[in-house]
Number of protein chains: 2
Amino acid sequence: MKTLGVGLLGLGTVGAGVAEVLTRHADRVAARAGARLEIVRAAVHDPALFRGRGVPDDRLTDDAASVVAHPEVDLVVEVMGGLDPAHGLVRAALDAGRPVVSANKALLAERGQDLFEAAEARGVELRFEASVAGGIPVLLSLRDGLAANRIESIYGILNGTCNYILTRMEQERRPFDAVLAEAQASGYAEANPSTDIDGIDTAHKAVVLAALAYGKLVPFAELPIEGIRRITLADLDFARELGYAAKLLAVVRESADGEIEIRVEPTFVHGDHMLASVSGVFNAVKIHGDVVGDTFYHGRGAGREPTASAVVSDLIRVARGRLHPEIRPEPLHVAPGVLMPRDEWVSRAYLRVALLDQPGSLSKAAGTLGAHGISIASFIQKESTGNGFASVVFLTHPATERALGQALASLEALPEVDGPPVRIRIEDEPETEE
Amino acid sequence: MKTLGVGLLGLGTVGAGVAEVLTRHADRVAARAGARLEIVRAAVHDPALFRGRGVPDDRLTDDAASVVAHPEVDLVVEVMGGLDPAHGLVRAALDAGRPVVSANKALLAERGQDLFEAAEARGVELRFEASVAGGIPVLLSLRDGLAANRIESIYGILNGTCNYILTRMEQERRPFDAVLAEAQASGYAEANPSTDIDGIDTAHKAVVLAALAYGKLVPFAELPIEGIRRITLADLDFARELGYAAKLLAVVRESADGEIEIRVEPTFVHGDHMLASVSGVFNAVKIHGDVVGDTFYHGRGAGREPTASAVVSDLIRVARGRLHPEIRPEPLHVAPGVLMPRDEWVSRAYLRVALLDQPGSLSKAAGTLGAHGISIASFIQKESTGNGFASVVFLTHPATERALGQALASLEALPEVDGPPVRIRIEDEPETEE
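Residues numbered from 1 in each chain as written. Chains lettered and ligands numbered in written order. Predicted model: local features only at pLDDT ≥ 70, side-chain atom pairs only at ≥ 80, totals over all residues. Heavy atoms only, no water.

Trainee: Give a detailed account of the overall build of chain A, specifying residues and quantitative values.
Mentor: Secondary structure summary: chain A contains 14 helices and 18 strands in total. Over its C-alpha trace chain A gives a radius of gyration of 24 Å, about what one expects of a compact globule, namely 22 Å for 434 residues. Overall size of chain A, expressed as C-alpha extent along the three principal axes, is 80 × 45 × 40 Å. Per element, the accessible surface of chain A, about 15500 Å² overall, is 51% carbon and sulfur. (Helix = DSSP H or I, 4+ residues; strand = E, 2+ residues; numbered from the N terminus. Rg over C-alpha atoms; globule rule 2.2 N^0.38 Å. Areas by Shrake-Rupley, 256 points an atom, 1.4 Å probe, with all protein chains shown as cover.)

Here it is in structure tokens:
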């Protein structure tokens, strides 16, 4: 049986996992791929620090470009992360006609256009299942399994760190800062947690999902992104009381005129939906196709083994293509896309307002919402907290972001309202039964 | 752009759905497939009865063999169901080098060996995503998305009719017969419901899942299969009280020595697991891979549109292969498999026993279980029902089927026990968090 050489860019947690699975399942991989896969070179920043991670010492190098150019490297695996030098290395591999498997969502979301075009121009495969939802084969499902469908919407819980923190906050009734500190101590959150906590990682994944669903890559810099820092225990409690769960949710849709709607925000999802029951570090994606209806995918979204599962499964497929170089892979056909202006978004909202606890306050607040065309679906008023203000929660009917923004500004300007209202989006759609 | 001709075998609910999607999404399908797909012939048993279903009258024929042999037919879609004549027609298509997409789980489970071998011998694609879990791309995930994994286990809720009936029984507290009659009246169950209710449909799907996961096709006739007829409201209530949900579950595993373990039975699944929350006509599959861990898939498992989604998505893939006839498709490599003897199964059990309501009965029953090596994890005793017997429920620790069978026989022989004990398997494993 033929052997194909793998060049590994990066030998951190994921890279070591890939090396381990290629060894553990060498025969299985060979049977599926049609060739034995062998790591012939691995690029690390300091070879002395990466011994004993499943790659023989004499195959470690700090010269990443030499891995891509190595004559025995047939396939390139990029698991180093970051934009540079990953971008140049992946591009060089594609230009050299070497298929690439990447787990790098930042690279794909921010520099994908260049790479997709290079892959298409050269007829070389670029696969990246591991970049979204770890080991769950969501991209494969989008590309192939649901190919007959127009994708109506994608909802994703795509960052395990955020979901872990929200789950712990709710289960243990502890505030964000305390849970984050604990998550950092126990390794569930990075020392610098911003990429996860501020929604950037989720947004990268949302852009990749949109690219596969709609063939459009939106400019990442224009994305509205909000993380979970402002979620309070009070909002988690109200959510539960109202039948919702608070999640950091990515929403991806395409409008009738081809604009891409992407939102990454803390969002209330209806308790009847499976997304609401996704807890801890798990990821989940709901894809609605016009033919198939709702499909739902759940599993581990990050970590050494789930990511290695996706990388090696992609490698198997890429190897098969490499064995038949006369066949050009299916091109991705990803073109630049346009984001839907935020003002045009339509959705329901949860509004928590500190309202002066005296007659007439509630009707004045409700009237302010009504004056901006915001219709109230329900509300809850809690006892006064002692400072003369009471927490009032409104759930609105669907409204545009523009109208809601204006209504919130007017609300905040009322003398009966203390401070800016808290506003959290609701994605409502309960699971339907036939 | 090139046009590929599709020959449709069957124009019932699913066939009409396929025709409709190929029309509605003609451009989308062409872009994905690389060729336009056009139904050039459709076989029906009486052309006069199938007008107006999306295929022009002059393309309808009652001569199915002529569809497979038609010179303009490049791809064959088999959605007629049943073993014969479907088997001969699919075989003829494969022998003629024409790729086949089938939704026919009975055919694949009972005659698959012949078809897989013919497809491999001719290097022709045979795809059948629609045969299991409708529109949910579970087979694609097994074959490609999780290719790096050894599959440790597959748990499936694979029959919407059974799950609908169990859901309604529990929600409305009505007995099986009443809910079945209503399901038949409203179209959720067939006039002759045996294929669904008695677990045969689920078992067909379990065999297909095992074939893809392990490359082994077990003899369908030897499968132990049990449907949902014996599930009572009392058992549903005890299940809930104990933290479980009763589901018609397919379990697929491979033993260390290569025997395939397949069970289709009413089973208690732990309430913490997503499988427990699958309600109504939905299907769900949990696949545990040794690298990826648990992955979970949920969606509509049957019906015109979900099935058409899977058939047309398969057609797109098959068409791409047809455009590149120099490439042989990945063979399925399915060999005959051996079933694990039922006596060797190990699992936990729920036992409901009508026990004489007098001192010493319980310890005698418990002692009988213990004498056969069955260890009791917990039990519930309810008030006497007035006839001198009380319902006692035991949850056992894992035990072999052999030991449990002997223990049940001894239990039934006790004078303190009224009638045969009710026994329902427990698949316990709650979802784990990292």
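Next, the rest of the story.
Trainee: Go over the domain arrangement of chain A, please, and point to the residues and values.
Mentor: Residue and element names in this part refer to chain A. Structurally, chain A comprises domain 1 (3–135 + 304–334), domain 2 (138–300) and domain 3 (343–427). On a C-alpha basis, the centroid separation for the pair domain 1 and domain 2 is 27 Å. In this assembly, 22 residues from domain 1 lie in contact with 22 residues from domain 2. Both faces considered, domain 1 and domain 2 share a buried interface measuring about 1800 Å² in area, 64% of it formed by carbon and sulfur atoms. Linking domain 1 with domain 2 are one salt bridge. Sorting the residues of the side of domain 1 that touches domain 2 by element identifies α5 (105–122) and β6 (126–127) as the ones contributing at least two each. Here the side of domain 1 that touches domain 2 gets eight residues from one element, more than from any other, and that element is α5. Here the side of domain 1 that touches domain 2 is composed, by residue class, of 11 nonpolar, six polar and five charged. (Domains from an automatic or database assignment. Contact = heavy atoms within 4.5 Å. Buried area = accessible area lost by both parts, 1.4 Å probe. Salt bridge = Lys/Arg side-chain N within 4 Å of Asp/Glu carboxyl O. Nonpolar A, V, L, I, M, F, W, Y, C, P; charged D, E, K, R; others polar.)

Trainee: Describe the packing of helix α4 (residues 86–95) of chain A against α5 of chain A, and please don't skip the residues or the numbers.
Mentor: Residues and elements named next belong to chain A. The interhelical angle for the contact between α4 and α5, taken along N-to-C directions, is 10 degrees, at an axis separation of 9 Å. With respect to α5, the axis of α4 lies roughly parallel. Where α4 crosses over α5, the two elements pack in a sense that is right-handed. Residues A86, H87, V90, R91, L94 and D95 of α4 form the contact with α5, whose participating residues are L107, R111, D114, L115, A118, A119 and R122. When grouped by side-chain class, the residues that make up the contact of α4 with α5 number seven nonpolar, one polar and five charged. (Axes fitted to C-alpha atoms, helices over the stretch in contact; angles between N-to-C directions. Parallel < 35°, antiparallel > 145°, perpendicular 65-115°, else oblique. Left-handed = near helix turned anticlockwise from the far one by under 90°.)

Trainee: Please give an account of the sheet that holds strand β1 (residues 3–9) of chain A that cites residues and values.
Mentor: Residue and element names in this part refer to chain A. The strand order across the open sheet formed by six strands is β3-β2-β1-β4-β5-β6, and the pairing between neighbours is parallel. Looking at strand neighbours, the two that pair on one side only are β3 (60–61) and β6, the edges of this open sheet. In this structure, strand β5 (residues 100–102) lies alongside β6, joined through two bridges in parallel fashion. Residue V100 lies in a different strand from β6, and its bridge partner there is L126. (Pairing = 2+ DSSP bridges.)

Trainee: Just give me the short version of the interface of chain A and chain B, but keep the residues and values in it.
Mentor: Tallying the contact residues gives 56 residues for chain A and 56 residues for chain B. The tally of links from chain A across to chain B stands at six salt bridges. Across the pair R24 of chain A and D290 of chain B runs a salt bridge, and its minimum N-O distance is 2.9 Å. Applying the counting criterion to the chain A and chain B interface returns 18 residue pairs in polar contact (both at pLDDT 80 or more). The set of elements that each furnish at least two residues to the side of chain A that touches chain B consists of α1 (13–24), α2 (26–33), α6 (138–145), α10 (200–214), β12 (293–300) and α12 (304–323) of chain A. (Polar contact = N/O pair within 3.5 Å; in protein donor to acceptor, adjacent residues only side chain to side chain.)

Trainee: I'd like a rundown of the side chain of D201 of chain B, residues and numbers included.
Mentor: All names here are of chain B. Take D201: it is sitting in helix α10 (residues 200–214). Judged by relative accessible area, which is 8%, D201 ranks as buried. Reaching out from D201, the side chain makes a polar contact with the side chain of K205 at a distance of 2.7 Å. (Buried < 20%, exposed > 50% of the residue type's maximum accessible area, 1.4 Å probe, protein only.)

Trainee: Outline empty space enclosed by the protein, listing residues and values.
Mentor: Counting across every chain of the model gives eight cavities of 30 Å³ or more. Here the largest cavity defines a volume of roughly 80 Å³. Considering the residues around the largest cavity, the lining is formed by L126, R127, F128, E129, L139, L140, R143, L212 and D314 of chain A. For the lining of the largest cavity, the secondary-structure elements that each account for two or more residues are β6 and α6 of chain A. Sorting elements by how many residues they give to the lining of the largest cavity places α6 of chain A first, with three residues. Considering only residue class, the lining of the largest cavity consists of five nonpolar, no polar and four charged. Residues lining the lining of the largest cavity come from more than one domain, with at least three contributed by each of domain 1 (3–135 + 304–334) and domain 2 (138–300) of chain A. Looking at the second largest cavity, its volume works out to about 70 Å³. Residue contributions to the lining of the second largest cavity peak at three residues, all from helix α6 (residues 138–145) of chain B. When the residues that make up the lining of the second largest cavity are grouped by side-chain class, the tally is four nonpolar, no polar and four charged. Lining the lining of the second largest cavity are residues from two domains, each supplying at least three of them: domain 1 (3–135 + 304–334) and domain 2 (138–300) of chain B. (1 Å grid on protein atoms, 1.4 Å probe; cavity = no way out; pocket = protein on both sides within 12 Å on 5 of 7 lines; lining within 4 Å. Points joined across faces, edges and corners; volume = space filled by probe spheres on them.)

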